[in-house]
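# Chains, contacts and geometry: an overview
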Amino acid sequence: MTKIHAAITAVGGYVPEYVLSNKILETMVDTNDEWILTRTGISERRILKEPGKGTSDMAVEAIKDLLKKRDIDPLEIDCVICGTVTPDMVFPATSNLITSKLGMKNAFGFDISAACSGFLYSLTMGTSLIESGRYKKVIVVGADKMSAIVDYTDRTTCIIFGDGAGAVLLEATEENVGVMDSLLKSDGNGSQFLHMKAGGSVKPSSHETVDAKEHYVYQEGQSVFKFAVKGMADVSYELMERNGLTADDIAWLVPHQANLRIIDATANRMGLSKEKVMINIQKFGNTTAATLPLCLWEWEKSLNKGDNIILAAFGGGFTWGATWIKWAYDSK
Ligand code: UT7
């Protein structure tokens, strides 16, 4: 029997209009453009400012973009998987809100909480749904409104994060293209270095937790940095090795955009030159689950059918992983 592959057949993206530049951050916390640029590679990030708007609203815009490109009726969609750590609400799932806002009456949906690896985890789950033969059109969206959980008086975290959403459509194909392999990892011991202290079942929200600023991202940057450099580089190399891929075989690396130094270390380990690495961290910062699809969205027109692309991520959990895709279409 011919194997069914899950191919990405369309990409959509959305970033809010408001630009929070390093210069503006200089007026908010004790930092400077030069420090942020040299330590992270970030110049500016986008922030969703409109009151009453959340992660689902950005995801909806990204998905609309994708549906419009392919002229697809929302009723054709079987499932929406949303990778996010900034859901609109604790429950219901953001994917439920997305499907209803888009009139996807035939779709079910669920969220995946894997922080910066959220898109890779969701893509792997979506791939399995397609490969099973049971579902024909699955949308995978990575979306995060990080500005909702960032403390803009903490200079060590507020300079990194931004808001955005990116989405892909997965469809079945019998051609030898699509998601070829995926290697996902997690280690809960890493939670001590990157987490949100309150608002969960261990420490529900209270006046005290709000006063103690425990509803914001807590990150021990240097420790996360060390694990991220090793984790993202090692898993990408392992994925290449187990599939017999060399640097020459790879057209693009799509790395999680957390820090330019982590991206460089991963590309070096894989033996890739800079021209093969998608980098937009300078414009959008770290949009958590949205970084990878936002890269695909920006580079879509440069991609050719058959291109070997490695996606790699590392984030809170810890969670990390890499996915090998053979691009399924020419979109020039
Ligand atoms: O995507 C999820 C996973 N997250 C990551 O991958 C993030 C990984 N970590 C990082 O990217 C980096 O650790 C940061 C960008 C967060 C921080 O960079 P760093 O090079 O690790 O800086 P540091 O925390 O070691 O701080 C170095 C110095 C300190 O001053 P002293 O103690 O040497 O005097 C900090 O207080 O820089 C100071 N500092 C700043 N100075 C100006 C920290 N933040 C700032 C700032 N502006 N915004």
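Since we're looking at a predicted model, the values are computed, not measured.

## Brief notes about the domain arrangement of the chain
- Its domain assignment divides the chain into domain 1 (5-176) and domain 2 (180-326).
- Of note, the centres of domain 1 and domain 2, computed from C-alpha atoms alone, are 14 Å apart.
- Carbon and sulfur atoms supply 63% of the area that domain 1 and domain 2 bury against each other, a total of about 3,700 Å² over both sides.
- Ranking the residues of domain 1 by area buried against domain 2 places Cys116, Leu120 and Tyr121 at the top, with a combined share of 17%.
- On inspection of domain 1 and its partner domain 2, the count reaches three salt bridges.
- Close ionic contact of Glu300 with Lys69 constitutes a salt bridge, the shortest N to O distance being 2.8 Å.
- Of the residues assigned to the side of domain 1 that touches domain 2, the class counts are 22 nonpolar, 19 polar and ten charged.

## So, the packing of aromatic side chains
- All told, the structure shown has eight aromatic pairs when counted by the stated rule.
- Taking the centre distance of 6.3 Å and the plane angle of 25° together, the rings of Phe108 and Phe110 count as stacked.
- Residue class for Phe110 comes out partly exposed when judged on its relative accessible area of 29%.
- When the ring of Phe314 is compared with that of Phe318, the centres are 4.9 Å apart and the planes differ by 50°; the resulting orientation is tilted. Per residue, the accessibility class of Phe314 equals that of Phe318, and both read buried.
- Each member of the aromatic cluster is reached from another via a ring pair, and the members are Phe193, Phe227, Phe314, Phe318 and Trp320.

What counts, and at which threshold
- Residues numbered from 1 in each chain as written.
- Predicted model: local features only at pLDDT ≥ 70, side-chain atom pairs only at ≥ 80, totals over all residues.
- Heavy atoms only, no water.
- Domains from an automatic or database assignment.
- Buried area = accessible area lost by both parts, 1.4 Å probe.
- Salt bridge = Lys/Arg side-chain N within 4 Å of Asp/Glu carboxyl O.
- Nonpolar A, V, L, I, M, F, W, Y, C, P; charged D, E, K, R; others polar.
- Phe/Tyr/Trp six-rings, centres within 6.5 Å; stacked < 30°, edge-to-face > 60°.
- Buried < 20%, exposed > 50% of the residue type's maximum accessible area, 1.4 Å probe, protein only.

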